[in-house]
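Listed below are the residues making up each chain.
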Amino acid sequence: DRECRIGRANQAAVRFFNLPMDTIIGRQCFSLLLGTEKPPEECSYERMLETRRHEETEIYLSEKDLWLYVSVDPVLDGNGNVVDVVYIAKDITDRKRAEKALRQSEERFRELYDHAPVGYCEYDIEGRITNVSLTDLEMLGYTREEMVGRYIWEFNVEAETVRRQVLEKLEGATPPGHDLERVYRRKDGTAFPVLIKDRLILNEQGKINGIRCTIQDITDRKRAEERLRESEERFRQLAENIREVFYIHE
């Protein structure tokens, strides 16, 4: 009724409250749940009385660690006055817990994705960037908004060569690459070498939807390789120009 006292209930309500039917009838529904006759603030009961329209909400009962989906419908007389109220309540605790677990999992994945030691980037069938990690953004000096939607090859020094290679992969003409060395250009114009590993993104039918790749700044490695080459070159020149007999015995 208008006081939210139970006039009729089904067997699901009996099982939910774990009380006999005759004990439920006449009780204020929220007193059975909360021990109080005052509906929680989330409940749309009062609003329903004002609007005379269907209302629904989700309520968390902290005392019971319980989530409820509550649907409220008015029963009107011929003059449009509310003479009765139909409540439908459903325990959605499992669903809400699953949603919370999913959010936490997504947050952990996002943290790993964004703060991995290598950059991550995804682009669609046209080569436009759809997702990029924080590591990649910091590496290039752009914001997410500045990169998403742009073609991946725009950030490469040899843009035309990379454009052709990327489109060939997206068309399935060439396989994805591993340990590809390319030169990227930062927002400030400076260039730096990167190592790329990419893989195709396939839909349920096995068709190519895009490419997902890792991008690693290999500036330090390249510098070490250059120092090694310079050292080997100095050693070679020394060995060739020395006047004394010189050999290495292994």
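Just above sits the structure.
Everything numeric in this text was worked out from a predicted model, so none of it was measured. (Residues numbered from 1 in each chain as written. Predicted model: local features only at pLDDT ≥ 70, side-chain atom pairs only at ≥ 80, totals over all residues. Heavy atoms only, no water.)

## Some thoughts on the pattern of salt bridges
Then, in step 1: According to the stated counting rule, one finds 20 salt bridges in the structure shown.
Then, in step 2: Lys197 serves as the salt-bridge partner of Asp179, at 3.7 Å between the closest nitrogen and oxygen. Of this pair, Asp179 sits in the loop between helix 8 (159-170) and strand 6 (180-185) while Lys197 sits in strand 7 (residues 191-202), and the two are 18 residues apart along the sequence.
Then, in step 3: Residue Asp179 is classed as partly exposed on the basis of its relative accessible area of 44%.
Then, in step 4: The salt bridge involving Glu181 is made with Arg221; its shortest N-O contact spans 2.6 Å. (Salt bridge = Lys/Arg side-chain N within 4 Å of Asp/Glu carboxyl O. Helix = DSSP H or I, 4+ residues; strand = E, 2+ residues; numbered from the N terminus. Buried < 20%, exposed > 50% of the residue type's maximum accessible area, 1.4 Å probe, protein only.)

## Notes on the sheet that holds strand 2 (residues 66-76)
Then, in step 1: With respect to topology, three strands assemble into an open sheet ordered 1-2-3, the strand pairing being antiparallel. Looking at strand neighbours, the two that pair on one side only are strand 1 (55-61) and strand 3 (82-91), the edges of this open sheet. Recorded for the sheet is a direction-independent mean angle of 25° between the axes of neighbouring strands.
Then, in step 2: Across the face of the sheet, helix 5 (residues 93-115) comes into contact with strand 1, strand 2 and strand 3 while running at roughly 130° to strand 2. (Pairing = 2+ DSSP bridges. Axes fitted to C-alpha atoms, helices over the stretch in contact; angles between N-to-C directions. Contact = heavy atoms within 4.5 Å.)

## Thoughts on the side chain of Ser133
Then, in step 1: Tracing the sequence through the fold places Ser133 in the loop between strand 5 (129-132) and helix 6 (134-140).
Then, in step 2: A residue is classified by how much of its surface remains accessible, and Ser133, at 0% relative accessible area, is buried.

## Comments concerning the environment of Thr135
Then, in step 1: Residue placement: Thr135 occurs in helix 6.
Then, in step 2: Along the chain, Thr135 and Tyr120 lie 15 residues apart, while their C-alpha atoms are 7.5 Å from each other.
Then, in step 3: Beyond its immediate stretch of four places on either side in the chain, Thr135 contacts Asp114, His115, Ala116, Pro117, Val118 and Gly119.

## Here's the deal with the sheet that holds strand 5
Then, in step 1: Reading across from one edge, 5-4-8-7-6 is the order of the five strands in this open sheet, with antiparallel pairing throughout. The open sheet has two edge strands with one neighbour each: strand 5 and strand 6. Between one strand and the next, the sheet's axes are offset by a mean angle of 35°, whatever the strand orientation.
Then, in step 2: Sheet analysis places strand 7 next to strand 8 (residues 208-217), joined by nine bridges and oriented antiparallel. Paired with Leu195 across the strands is Gln216, a residue of strand 8.

## Quick notes on the nonpolar core
Then, in step 1: Membership of the largest hydrophobic core comes to 22 residues, with the highest contact counts inside it found for Met147, Ile152, Tyr184 and Ile215.
Then, in step 2: Elements represented by at least two residues in this core include exactly strand 4 (119-124), strand 5, helix 6, helix 8, strand 7 and strand 8.
Then, in step 3: Setting aside residues no more than four positions away along its own chain, Met147 makes contact with Ile129, Val132, Leu137, Leu140, Tyr142 and Phe155.
Then, in step 4: Ile59, Leu61, Leu66 and Val82 belong to the second-largest nonpolar core, a separate cluster that totals eight residues. (Core = buried A, V, L, I, M, F, W, Y, C linked by side-chain atoms within 4.5 Å.)

## Regarding the packing of aromatic side chains
Then, in step 1: Within this structure, the stated rule accounts for four aromatic pairs.
Then, in step 2: Taking the centre distance of 5.1 Å and the plane angle of 40° together, the rings of Tyr60 and Trp67 count as tilted.
Then, in step 3: Judged by its relative accessible area of 32%, Tyr60 is partly exposed.
Then, in step 4: On the basis of an interplanar angle of 75° and a centroid distance of 6.4 Å, the ring pair of Tyr184 and Phe192 is categorised as edge-to-face.
Then, in step 5: Overall, the relative accessible area of 2% leaves Tyr184 in the buried class.
Then, in step 6: With relative accessibility at 2%, the residue Phe192 sits in the buried group.
Then, in step 7: Its guanidinium or amino end placed over the ring of Trp67, Lys96 lies 4.4 Å from that ring's centre, counting from NZ or CZ. (Phe/Tyr/Trp six-rings, centres within 6.5 Å; stacked < 30°, edge-to-face > 60°. Lys NZ or Arg CZ within 6 Å of the ring centre and 35° of its normal.)

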